[in-house]
Amino acid sequence: MRRRQLTARSVRVGHATVEKFPANVIRNQKFNIITFIPMALFEQFKMFLNLYFLVMATSQFIPELRIGYLYTYWGPLGFVIMVTLIREAVDDVRRWQRDKEVNQQKYKKMTPQGGQRTITSANIRVGDLIFVEKDQRVPADMVFLRTTEASGTCFIRTDQLDGETDWKLRVAVPVTQKLETNEELFTTDATVYAEKPQKDIHNFIGTFTKHDTSTEESLSVESTVWAGTVVASGRLLGLVIYTGAETRAVMNNAAPRSKVGLLDLEINNLTKLLFVAVLGLTVVMMLLKGFSGPWYRYFFRFMLLFSYIIPISLRVNLDVGKAFYSWVIHRDQDMQGTVVRSTTIPEELGRITYLLTDKTGTLTQNEMVFKILHLGTVAYGTDTFDEVSAHVATFFGKDSGSSGQAATSTPTRMRRTVVTRVGEAVKALALCHNVTPVYEEGVNLALEEGEDIQVAHSVTYQASSPDEVALVKWTESVGLPLVHRDLTSLTLRTLQGKLVTFTVLQIFPFTSESKRMGIIVREEATGQVVLYMKGADTVMASMVEYNDWLEEECINLAQKGLRTLVVARKVLTQEQYTHFEQRYTAAKMSVTERGSRLAAVVETLECDLELLCLTGVEDKLQTNVKQTLELLRNAGMKIWMLTGDKLETATCIAKSSRLVSSNQGMHIMGSLGTRREAHLELNALRRKSDCALIIKGDALETCLQYYEHELMDLAVQCPVVVVCRCSPTQKAAVVRLIQRHTGKRTAAVGDGGNDVSMIQAADAGIGIVGKEGKQASLAADFSIEQFQHISRLCLVHGRNSYKRSAALSQFVMHRGLIISTMQAIFSSIFYFSSVALYQGFLMVGYATIYTNFPVFSLVLDHDVSPTIALTYPELYKDLTKGRSLSYKTFFVWVLISVYQGVRGAHVWRDAAFRGRVDPRVSISFTSLILTELLMVGLTVRSWHPLMVVAQFLSLAFYALSVIFMHYFDWEFIKSKDFFWKVLVITLVSSLPLYILKFLRRKFTPPTYSKLEELNTFGSSSLTQQHP
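Bear in mind the structure is a predicted one, so any value in this text is a computation, not a measurement.

A. Expanded view of the pattern of salt bridges. In total, this model carries 32 salt bridges according to the counting rule given. Of the charged contacts in the structure, one is a salt bridge between glutamate 468 and lysine 534, with a shortest N-O distance of 2.9 Å. On the criterion of sequence distance, the pair formed by glutamate 468 in helix H15 (residues 466-477) and lysine 534 in strand S24 (residues 529-535) is long-range, its members being 66 residues apart. Judged on exposure class, the residue glutamate 468 and its partner lysine 534 are both buried. The residue arginine 883 makes a salt bridge to aspartate 878 at a minimum N-O spacing of 3.7 Å. With a relative accessible area of 53%, arginine 883 lands in the exposed category. The network of salt bridges with common partners includes Glu424, Lys427, Glu523, Arg569 and Glu610.

B. Structural view of a nonpolar patch on the surface. A surface patch of nonpolar side chains, amounting to about 880 Å² of accessible area, comprises Leu934, Leu983, Leu987, Leu991, Tyr994, Ile995, Phe998, Leu999 and Phe1003. Ranked by residue count, the leading element in the nonpolar patch is helix H37 (residues 976-1003), at eight residues. Considering the arrangement of structural elements, one finds leucine 999 in helix H37. Judged by its relative accessible area of 38%, leucine 999 falls in the partly exposed class.

C. Seen up close, helix H24 (residues 728-742). With 15 residues, H24 extends 22 Å between its outermost C-alpha atoms, agreeing within 8% with the 21 Å of an ideal straight helix rising 1.5 Å per residue. Taken together, the buried positions of H24 are Gln730, Lys731, Ala732, Val734, Val735, Leu737, Ile738 and Gln739. Looking one or two residues past H24, glycine 743 carries a phi angle of roughly 70°, positive in sign.

D. Structural view of the side chain of histidine 484. With respect to the secondary-structure elements, histidine 484 resides in strand S20 (residues 482-485). According to the relative accessible area criterion, histidine 484 is buried, its value standing at 16%.

E. Looking closely at the state of the cysteines. Applying the stated criterion across every chain, the model contains zero disulfides. For cysteine 691, which is in no disulfide, the shortest distance to another cysteine sulfur is to cysteine 718 and amounts to 5.2 Å. On the accessibility criterion, cysteine 691 (6% relative accessible area) is buried.

F. Representation of the sheet that holds strand S22 (residues 499-508). With antiparallel pairing, nine strands are arranged side by side in an open sheet as S17-S16-S26-S25-S24-S23-S22-S21-S20. Each edge of the open sheet is held by one strand with a lone partner, namely strand S17 (379-380) and S20. Here seven bridges tie strand S16 (residues 364-374) to strand S26 (residues 610-621), and the two strands are oriented antiparallel to one another. Its bridge partner being in S26, methionine 368 is matched across the sheet by aspartate 619. Sitting on the sheet, H15 is in contact with S16, S20, strand S23 (516-523), S24, strand S25 (562-572) and S26, with an inclination near 45° to S16.

G. Seen up close, the pairing of strand S9 (residues 206-210). A large share of S9 lies buried, amounting to five of its five residues. When strand S8 (residues 190-194) meets S9, the two strands line up antiparallel, connected through five bridges. By the bridge assignment for S9, alanine 194 is matched with glycine 206. Relative to strand S10 (residues 215-219), S9 runs antiparallel, the two being bridged by five bridges.

Analysis parameters
Residues numbered from 1 in each chain as written. Predicted model: local features only at pLDDT ≥ 70, side-chain atom pairs only at ≥ 80, totals over all residues. Heavy atoms only, no water. Salt bridge = Lys/Arg side-chain N within 4 Å of Asp/Glu carboxyl O. Helix = DSSP H or I, 4+ residues; strand = E, 2+ residues; numbered from the N terminus. Buried < 20%, exposed > 50% of the residue type's maximum accessible area, 1.4 Å probe, protein only. Patch = residues over 30% accessible without salt bridge, like charges linked within 9 Å, V, L, I, M, F, W, Y side chains within 5 Å. Areas by Shrake-Rupley, 256 points an atom, 1.4 Å probe, with all protein chains shown as cover. Expected span 1.5 Å × (residues − 1). Disulfide = S-S within 2.5 Å. Pairing = 2+ DSSP bridges. Contact = heavy atoms within 4.5 Å. Axes fitted to C-alpha atoms, helices over the stretch in contact; angles between N-to-C directions.

Right, here's the structure in full:
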């Protein structure tokens, strides 16, 4: 189907649109009723193994190729496909139910007659006027026209869109908000122009034109509410401009890549080897038999007979095992709240070499605490904030009319200067922000004068940045609380209980590009117009008047791990502001390049600012971050920190979290603009050894442009790498670079929407449920609540999952190899006949009820206890080498299978001459079952009660089937001849392997067994010393 061209649009308010737009339907299903069977089967049979078995099973419909009952082939294949289809169907039905729930949500649509009609979300069209109630999801992208809030504003929650938990302020279009009734919208001749649909959720360009009065107003993102957000206050009326696939939320939904674990890739390679073995064995048998007669029929029959070498039950056992590992992780009481969202890759947690982590909210708590107010000549810390309170009280006492009293209480000019500077700085912090106080009662009772109103009525602060909330909470603690905010005004309360009101004239919001925010206010009492600005020192340093302390103090605060903000102001005359407003309004009306034009106008004010203060805010480290990083480093993981924060803060957090040790050298790559600079920096790094690499995002881009291989070769040798000023796309790019250059497994940890791309690019994505919302945890393969849980997730559960799946997969292969070896010997003895060794249900039962319970019980096995795994993290290093499942271990199991198959088939030596086959079948099959059960016991490293139950359950099933299904001659089964021959064959097949295992553990014990013994010995020694 041809994709619709995305275009800008003009929507008339109150009129249906003629142009066709996408339906407002959310659809996340993979199938529908018609496509489910063909598409689901195609997904299954495009896998080599399933296609191979389909061909084998289908061949049984041809009489000349049939070698047994149909169910011996179609039973296992049908079971595998049925389980998969049921799982796909259940998942798709759940997706359909979730989609239906969203699509069938009811909304009120305004009609031309002035009434309201209830419609479903799926029936909403572009141009509709839709009411959205408080706590209701916004169904489509809309322009915000009216609200029940008197201020003309409302709050929305965007955590499901951008991952941020803080509320966002949205402003209704002033022209429509001023209308007396909603019905007037239909009589108003107005048009909304909207840019073409795009992914950017933080920007919007549009205009609102009222034709009858020739009024035109610019529309920005503050005039919109995007689909997927939730109205947090009031009731709003919006005009739908984008629906369905053209909404911001749907356009940002990129399907994550399908992740395949390294273990699955290794097993896939081994199955290819097994397929080659099937072909090789078939060719050998045909060479010995001779290519005479209908040789192609015999060739295919031999392939069918040896097809058990590639066990179809392997995929089922592994999938069920993965689901079990996920269940165990979810149930672990030591890491409560952990959720496994991808059950296909738990083994990846046991193979991690590179751990890439975000900083804010991941290593740190994203909990900001105001620590320092620096004025240049004097600094105030937590111990001296009471002095700040006194200065603020004096400053506002003077301002409120008691200036004579203030003068007498400040005997020297220096004293008065400090009071003024502190007062202006605190006032700037109390005004320059986007914070709104919200009261529990829902009404702003704080507008009454009085000192205890905020204490009596609990207040919470809502803002898009926790830094701003920390600043406003601090101004409240020193006696200048923010008590009210709406679209046009801000109100502060002094310690004397007096309300000081400011009119908001303009707001310049913070962006990642500008790295600053500003506000222009007019104080109602004096009429003074002031521009306040705060931002990063890198951009503010060039805007403030000359000083000799800012740069040095910024570095000092950053070294202490504090986030710094430079605060400045500029007093404007009325003429200056009027001239600025005219140019700013003209820039806002432009449809093309609006952002750059607005920035150019604002920049005319951003010069010669009066520097007020420098603030330092601490972002606390997460619980046990230092110990967790140390543990992971000892486990052999190389840790990279990728953050959007500035270089100084990133370096400081790297040191405070002990990611970089105190005695470790650091090589810092600042801004690199040319190829020559990049070349010199890389040469300098090459001459250093065992040093941490700290690199900025732009320097990374420059190096990758010219010297990608050289940079990666050096970076992977560094014990720690910190990338600062790193964008979300750069984070994902770094993950892919490591994967491409090293081939090692990566894990990415983050907590915010900006970490999603990195999490999805990594082999194992770990999301932390944090203050920035749940977007990262929802997109991740594993969701945890604390960073410290990563050590247990990888070192314990990753280890167990990998070890168990490695043992399980090799044992299932062994089970197929041993019976195929016996089949080859049987066919050789009987003149290369292509006849099945075991007929009917025996073959099905062998891979299911007779042996599967003990074999699958290997998912309960473990080599070391969780305590040992966490106490000796060095054990993890062996896992990354892949020694539990390798070509070496595979060929060892092949040798064991051939040996046991030959021993098991030894009973057929005289069968060709005596003419009695049935007794030999009963002896060989019974010894085969017992050998498999004993081999499980040989493989197990720590017995679980359910393993014992599984062993006896399998024996019971086999005994009952022998008694009631009459496979064998019952008289022979009861004879001594049967018992002693079964016993001898079983002992000859298994006893040598038990002896080898004993000798190996005696003379070359594995590391984990030494540690277990050491731990047991240590515990018993302590018990004896302290009876």
